[in-house]
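Structural characterization, general
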Amino acid sequence: MIHNDAIQTLAELTTVQAEQFPDRRALICQGQTLTYQQLHQRSQQLAQALLTVGIQAGARVAFLAQDCLQGYEILFACAHIGAVLVPVNWRLSPPEVRYILQDAEVELLFVGPKFYKPVASILPELTQIKTTVALAGESPTVQPDWLIYESWLSAAAPTPVVKISSKQVIVQMYTSGTTGHPKGVQLAHDSFFAIARAFAGQPWIGWRSQDMSLIALPLFHIGGLWWAIRGLVAGAENVLLSSFVPATALQAIAAGVTKTCLVPAMMQAMLAEPSSRTTNFDTLETIVYGGSPIAETLLTQAINTFACDFVQIYGMTETGNCAVCLPASAHSLDRPQLLKAAGKPFPGVSVAVLDAQQKSLPVGEIGEICLRSPANMVGYWKLPEATEKTLIDGWIHTGDAGYLDKDGYIFICDRIKDMICYASENVYPAEVENILYQHPAIADVAVIGVPDPQWGEAIKAMVVLKPDAAATNLDIINFARGKIANFKLPRTVDFIETLPRTPSGKVQKGKLRDPYWQGYERKVH
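Remember, it's a predicted structure, so these values are computed and weren't measured experimentally.

What follows is about the overall build of the chain. From N to C terminus, the chain includes 15 helices and 27 strands. Computed over C-alpha atoms, the radius of gyration of the chain comes to 23 Å, within 12% of the 24 Å expected from 2.2 N^0.38 for 525 residues, which places it in the range of a compact globule. If one aligns the C-alpha atoms of the chain with their principal axes, the spans along those axes are about 65 × 55 × 50 Å. Scored against the burial criterion, the 525 residues of the chain give a buried share of 59%. Of the contacts formed within the chain by residues at least 6 apart in sequence, a portion of 66% connects residues at least 24 apart. Carbon and sulfur atoms provide 52% of the accessible area of the chain, an area that totals close to 21,000 Å². The average position of the 40 basic charges and that of the 47 acidic charges among the side chains of the chain differ by 2 Å.

So, about the layout of surface pockets. Here the second largest pocket defines a volume of roughly 620 Å³. Surrounding the second largest pocket, 26 residues form its lining, Lys417, Asp418, Lys506, Val507 and Lys509 being those nearest its centre. It is strand 25 (residues 442-452) that provides the largest number of residues to the lining of the second largest pocket, a total of five residues. Among the residues making up the lining of the second largest pocket, the classes are represented as twelve nonpolar, three polar and eleven charged.

Taken in spatial order, the nine strands line up as 2-1-11-10-12-13-14-15-16 in an open sheet, and their pairing is mixed. Lying at the two open borders of the sheet, with one neighbouring strand each, are strand 2 (32-35) and strand 16 (344-345). Sheet topology places strand 10 (residues 212-215) next to strand 12 (residues 259-262); three bridges connect them, and they run parallel. By the bridge assignment for strand 12, Ile215 is matched with Cys261. Lying on the sheet, helix 2 (residues 36-52) is in contact with strand 1 (25-29), strand 2 and strand 11 (237-240); it crosses strand 2 at an angle near 85°.

This brings us to unusual backbone geometry. Unlike most non-glycine residues, Asn321 shows phi in positive territory, near 80°. With respect to the helices and strands, the residue Asn321 is situated in strand 15 (residues 321-326). Despite not being glycine, Gln358 has its phi angle at roughly 65°, a positive value.

Cut-off values and rules
- Residue positions within a chain follow its written sequence, with the count starting from 1.
- Totals for whole chains, interfaces and linings use all residues, but because this is a predicted model, local features are given only for residues with pLDDT of at least 70 and pairs of side-chain atoms are given and counted only at 80 or more.
- Side-chain numbers come from the whole structure's heavy atoms, not from hydrogens or water.
- In DSSP terms, a helix is any run of H or I states spanning at least four residues, a strand is any run of E spanning at least two, and both are numbered starting from the N terminus.
- Computation of the radius of gyration draws on C-alpha atoms, with the globule rule given as 2.2 Å multiplied by the number of residues to the power 0.38.
- Note on exposure labels: buried denotes an accessible area under 20% of the residue type's maximum, exposed denotes more than 50%, and partly exposed covers the range between, all computed with a 1.4 Å probe on protein chains only.
- Here, two residues are considered to be in contact whenever any of their heavy atoms come within 4.5 Å of each other.
- Accessible areas in this description were obtained via Shrake-Rupley with a 1.4 Å probe; residue shielding takes into account the shown protein chains only.
- Note that His is not counted, nor are the chain ends; the positive residues are Lys and Arg, and the negative ones are Asp and Glu.
- By convention, the point assigned to a charge is CZ for Arg, NZ for Lys, CD for Glu and CG for Asp.
- Of the two site types, the cavity is a set of points on a 1 Å grid over the protein atoms alone where a 1.4 Å probe fits but cannot get out, and the pocket is an open set with protein on both sides within 12 Å along at least five of seven lines, each lined by residues with an atom within 4 Å of a point.
- Grid points are joined across faces, edges and corners, and a volume is the space filled by probe spheres set on the points.
- Think of it as three bins: nonpolar holds Ala, Val, Leu, Ile, Met, Phe, Trp, Tyr, Cys and Pro, charged holds Asp, Glu, Lys and Arg, and polar takes everything else, Gly as well.
- By this definition, two strands are paired if DSSP reports at least two bridges between them.
- Interaxial angle, 0 to 180 degrees, is taken between N-to-C directions of lines fitted to C-alpha atoms, where a helix line uses only the stretch in contact.

Any functional reading would require information beyond the geometric quantities listed.
In structure tokens:
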């Protein structure tokens, strides 16, 4: 029998845990539960159902829904037959969803009830999708040719299917791209197990089978998927939020949660919730946080309120989520300088700080942070040139600028790339700029991130109008609404005479950002 610390694939995960913890609740969501035995059996049934409609190893299967038990049944079903899950951000607009489904060459699409109507509007253009499955029962908006999830699944027999390699791709997660289009990050099974094997038995996060974990981050977010798998590997009970609501998260914690993973904006929202002042946090042992830098005042308030251990993680989708960790032992309010660090690399992970010539820099000098990890992506889907620019000789070039101190701690100072981190959602300016350029009154535009006390960074558009043209802030924002996700919309618009550019014509975004970041120690908030 395979033991927990030897699990190498998601297919093995359900097999092992169904034997070890058959009757323990694996997943809990909105009053519904799946035991580890049920998760294994139903995912195998679904795997067989996928085979009956022609889904083979390597085929892309998409999931567009708020988080639910079915999402994890689908994930493990894909694992059992070697298919690849493409979890789609349900906050995206229909054109953005359409692009991802086309780019990934999705053959089968699972759809949640809130998205039946927008999916029906774009399906005629998605000719490569052969099968659409509605996750809920009959509805006026379910198309006649769509399958209904439960009846389709129950008709299949649970049979073991394919031997899976840990090197096979299991998920393709889309991240915004600097070219204006998202890129599909391909992650193999190894991405979810290689580092965990390296730090097994060490008190980085300290997983135990008796834990109750709160999964507050969505399945389409690498942090949410990584956190869920860690809890399932431990044999813990995992409470799944369909979407993040601060009061609901607090209620879940009070009901016995011991561990959770949050982004700073979630912590801030929970602390602002009046019920946080009366919530019982006695069972809460550990909050793991990451996704964006955290303000010192927020971290101090969180430490004082939640009264538990805090662990910071740093990484990106391309590194299979976390590669660097600031453990609980470093979270002392008596050592405020250390709280500004991202942490140290996990066992099995190497870090380098490189200059523009790709040479290692000494302690204290700022350069680009690069990470070599056994969890690194296989590559971007069908984008070899982009892969070669990001993944060089086994090193992921993060685009973040920072330095190492004499004790090996990594500090993040700025971003080399132009990415904006709004409420821990990555927004690339080019994507927003491409939409705004279509406005008939805009001659030139640059999008930047400016400090925001609640969301980390807010999106600001710097607009140059055409001669004799007129537009208001609201005109510009409303023009983009519906063409991109709401979280990518500019929050403010400044009208300027001209954009500063280099002799080669590149916009000098540093000059645009600098006035807004004066007085801040870091140019990421």
